[in-house]
Amino acid sequence: MIDFKPFTNFSELSIADLDQWQKDGGKIAGVYCVYAPGELIRAAGMVPVGLCGKKQAPIHAAEKDLPASFCPLIKSSYGYAVTDTCPFFAFSDVVIAETTCDGKKKMYELMGRIKPLHLMHLPYTSRGGSALRYWMDSLAELERFVCGYSKQRVTEQNLHDQIVIQNQIKKALYDIIVLAADPCSPVSESQMLAIYESKSFSVSQQAYLENLYTLKEQFENYLAQPDLRPRTGPRVLLTGCPIGKGCEKVIRMIEDLGGRVVCMENCTGLKGLVLPVDETGNPYEALARRYLGIPCSCMTPNDNRLESIRQMAETFKADGVIDLTWLGCHTYNAESRIIHRLVEDDLNLPFAQIETDYSSSDEGQLRTRIEASMELME
């Protein structure tokens, strides 16, 4: 039996732990992106929580200040802040933001009027020594910011300890995702969304890691049973923009049409998990190298993403790739052409790009396109 109870509604269940953490004098940092190094934030005595908006409801309020042409992720995130309807934004003593796109940068200027906000400035490329030095300076600025609020000092030993446990958590999550994608696994990607998102809300990392180990063992025991029947239907690698509970309509449609999303390449999926931090040597440099290597479309060139997708397609035995782009996300939209060539020319797999937003207005059209692309995968 595979028990999802420790992870179902994990974010809501964590509210009591976060409340107690603050009552005991602890500080909470709201983060929007996988570029925010949780190891450094925790080493400074803060607990990071995820704030990225994934629902349609707050967008209307956001459009009073933001252009309607902005992507739904930006508008949803800002809408939650201005309406004070996200408990995790309310819990956050500070906000840690990042320069992954121009729309976010301008939105963060407005959000900074609501709460103390630190903007991490990313280099435009992950290549070369100058980019690494620039990013190390940015992480040093982040450290000064969080320590100024936590009133704690980061030590190399504490940072190293956080790197070790975060590596363990990322490895356990990756192993679970691989097991969940087994042909005989009974679990859908819709169910796995709770697992993906749980990593953003835990106070006790050790307790969370133990829950992951228990879940991994349950998967292994289930899959060790004799005479399991493999599931049928196309195995889909979903790439592109982040997805979460509330904006999972593409995943739901794929499943309704008989397919399986076996892997999400995006930053709510594997993009933030597949790069461990080197546990030897200088922990600051190791942390900088690891986070600079995240293959986001804000980087140019972004060759790391091509290699990552190639490896995922092989590991998860994908029958095809569906690339999701939120309306208004120009970098992922432009990069979709490069992914298209990789998938069809090099991997010899069917490819389709889906461009949509959080609303349900286009679901009929999307269903037709997804159905047509999945027919090519069979």
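Colleague: Just to check I follow, could you spell out the overall build of the protein for this structure?
Modeller: Helices and strands together make up the secondary structure of the protein, namely 16 helices and eight strands. Against the compact-globule benchmark of 21 Å for 378 residues, the protein has a radius of gyration of 20 Å, which places it among compact chains. Taken along its principal axes, the extent of the C-alpha atoms in the protein is 55 × 50 × 40 Å. Scored against the burial criterion, the 378 residues of the protein give a buried share of 56%. Entry remark: accessible area of the protein is about 16,400 Å², with carbon and sulfur atoms responsible for 50%.

Colleague: Sorry if this is basic, but what is going on with the nonpolar core here?
Modeller: Within soluble globular proteins, side chains that are nonpolar tend to cluster in buried spots. Residues Y35, I96, M111, M192, F219 and L238 are the most contacted members of the largest nonpolar core, which totals 126 residues. With 10 residues, helix 9 (residues 156-180) is the largest single contributor of residues to this core. Those residues in contact with L238 that sit more than four places away from it in its chain are I243, V250, I251, V261, C263, M264, E265, N266, I322 and L324.

Colleague: What should I look at first to understand the packing of helix 8 (residues 129-150) against helix 13 (residues 283-292) in this one?
Modeller: When two helices pack together, their arrangement is given by the angle between the helix axes and the distance between those axes. One way to put it is that helix 8 packs onto helix 13 with a least axis distance of 9 Å and a crossing angle of 110°. Classified by the angle between their axes, helix 8 and helix 13 sit roughly perpendicular to one another. Considering the relative orientation of helix 8 and helix 13, their crossing is right-handed. Within the contact between the two elements, helix 8 uses A131, L132, W135, M136, L139 and E143 and helix 13 uses Y284, E285, L287, A288, R289, Y291 and L292. Class assignment for the residues of the contact of helix 8 with helix 13 results in 10 nonpolar, no polar and three charged.

Quick notes on the rules
Residues numbered from 1 in each chain as written. Predicted model: local features only at pLDDT ≥ 70, side-chain atom pairs only at ≥ 80, totals over all residues. Heavy atoms only, no water. Helix = DSSP H or I, 4+ residues; strand = E, 2+ residues; numbered from the N terminus. Rg over C-alpha atoms; globule rule 2.2 N^0.38 Å. Buried < 20%, exposed > 50% of the residue type's maximum accessible area, 1.4 Å probe, protein only. Areas by Shrake-Rupley, 256 points an atom, 1.4 Å probe, with all protein chains shown as cover. Core = buried A, V, L, I, M, F, W, Y, C linked by side-chain atoms within 4.5 Å. Contact = heavy atoms within 4.5 Å. Axes fitted to C-alpha atoms, helices over the stretch in contact; angles between N-to-C directions. Parallel < 35°, antiparallel > 145°, perpendicular 65-115°, else oblique. Left-handed = near helix turned anticlockwise from the far one by under 90°. Nonpolar A, V, L, I, M, F, W, Y, C, P; charged D, E, K, R; others polar.

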